[in-house]
Amino acid sequence: MSPVGSTPGGPPPPPSQGSEGHRSFMRRAVALAREGMEKGRGGPFGAVVVSAGRIVGEGCNSVTSTCDPTAHAEVVAIRSACAALGRFDLRGCDVYASCEPCPMCLAALYWARVDRVFYANDRGDAARIGFDDADIYRELALPTPERSLPVLRLADPEARHCFDEWMRKADRVPY
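Residues numbered from 1 in each chain as written. Predicted model: local features only at pLDDT ≥ 70, side-chain atom pairs only at ≥ 80, totals over all residues. Heavy atoms only, no water.

Student: Can you break down the confidence of the model for the protein residue by residue, with the values?
Tutor: Here the protein averages 92 in pLDDT, while 90% of its residues score no lower than 70. Here residues 1-15 is modelled with pLDDT under 50, and outside its nearest four sequence neighbours on either side it reaches 24 contacts, counting other chains as well. (pLDDT = per-residue confidence, 0-100. Contact = heavy atoms within 4.5 Å.)

In structure tokens, the structure reads:
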């Protein structure tokens, strides 16, 4: 997988919507953060996905209201955009987030293959209000056996067989 927004010879050109477009998309992400927070959906985080100068997906943090630890604003916005566009690949899209994406959201943004991410508050700002991802960043940098969460391999022949079947599957959709 190539880095988000990478192209031979450098990053993609800046989006065409201009600085006012950037500000309006960021204002929408921030408005979603406020709305979700005020309605008790979750923490103060919002995100929008933009394609061809229009919002195609949006979300606010909904962790506590849905009892889903993956319902971060960026993940909710990615799900919304993919459903609206009818595809799992968000190449050609930008994401505007009210805060720097956490490690989980950043990984999801890579998997979605968005072109670029703009954010307002940074991880230090988030840490100051109780959303500190520093431990996760440190853990991910460690070799697997040294992490605080035990992640252990339990090999199974059927699991390998399933992978082999996938490779022979004529109609598989690579992603």
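Student: So what's going on with the pattern of salt bridges? Which residues, and what values?
Tutor: In this structure the tally under the stated criterion is 12 salt bridges. Of the charged contacts in the structure, one is a salt bridge between arginine 123 and glutamate 100, with a shortest N-O distance of 3.2 Å. Here arginine 123, found in helix H5 (residues 123-128), pairs with glutamate 100, found in the loop between strand S3 (93-99) and helix H4 (103-112); they are 23 residues apart in sequence, far enough to count as distant. Residue classification places arginine 123 among the partly exposed positions, given a relative accessible area of 41%. The class for glutamate 100 is buried, based on a relative accessible area of 17%. Across the salt bridge formed by arginine 128 and aspartate 125, the nearest N and O atoms sit 2.4 Å from each other. (Salt bridge = Lys/Arg side-chain N within 4 Å of Asp/Glu carboxyl O. Helix = DSSP H or I, 4+ residues; strand = E, 2+ residues; numbered from the N terminus. Buried < 20%, exposed > 50% of the residue type's maximum accessible area, 1.4 Å probe, protein only.)

Student: Please set out the packing of helix H3 (residues 73-85) against H4 residue by residue, giving values where relevant.
Tutor: Across the interface, H3 lies against H4 with an axial gap of 8 Å and an inter-helix angle of 25°. Here H4 runs roughly parallel to H3, going by the angle between their axes. For the pair H3 and H4, the sense of crossing is left-handed. Touching Glu74, Val75 and Ile78 of H3 are Met104, Cys105, Ala108, Leu109 and Ala112, all from H4. Here the contact of H3 with H4 is composed, by residue class, of 7 nonpolar, no polar and 1 charged. (Axes fitted to C-alpha atoms, helices over the stretch in contact; angles between N-to-C directions. Parallel < 35°, antiparallel > 145°, perpendicular 65-115°, else oblique. Left-handed = near helix turned anticlockwise from the far one by under 90°. Nonpolar A, V, L, I, M, F, W, Y, C, P; charged D, E, K, R; others polar.)

Student: An account of the environment of glutamate 165 is requested, with residue identities and associated values reported.
Tutor: Within the element layout of this structure, glutamate 165 appears in helix H7 (residues 157-168). Here the side chain of glutamate 165 touches histidine 161 through a polar contact of 2.5 Å, side chain to side chain. (Polar contact = N/O pair within 3.5 Å; in protein donor to acceptor, adjacent residues only side chain to side chain.)

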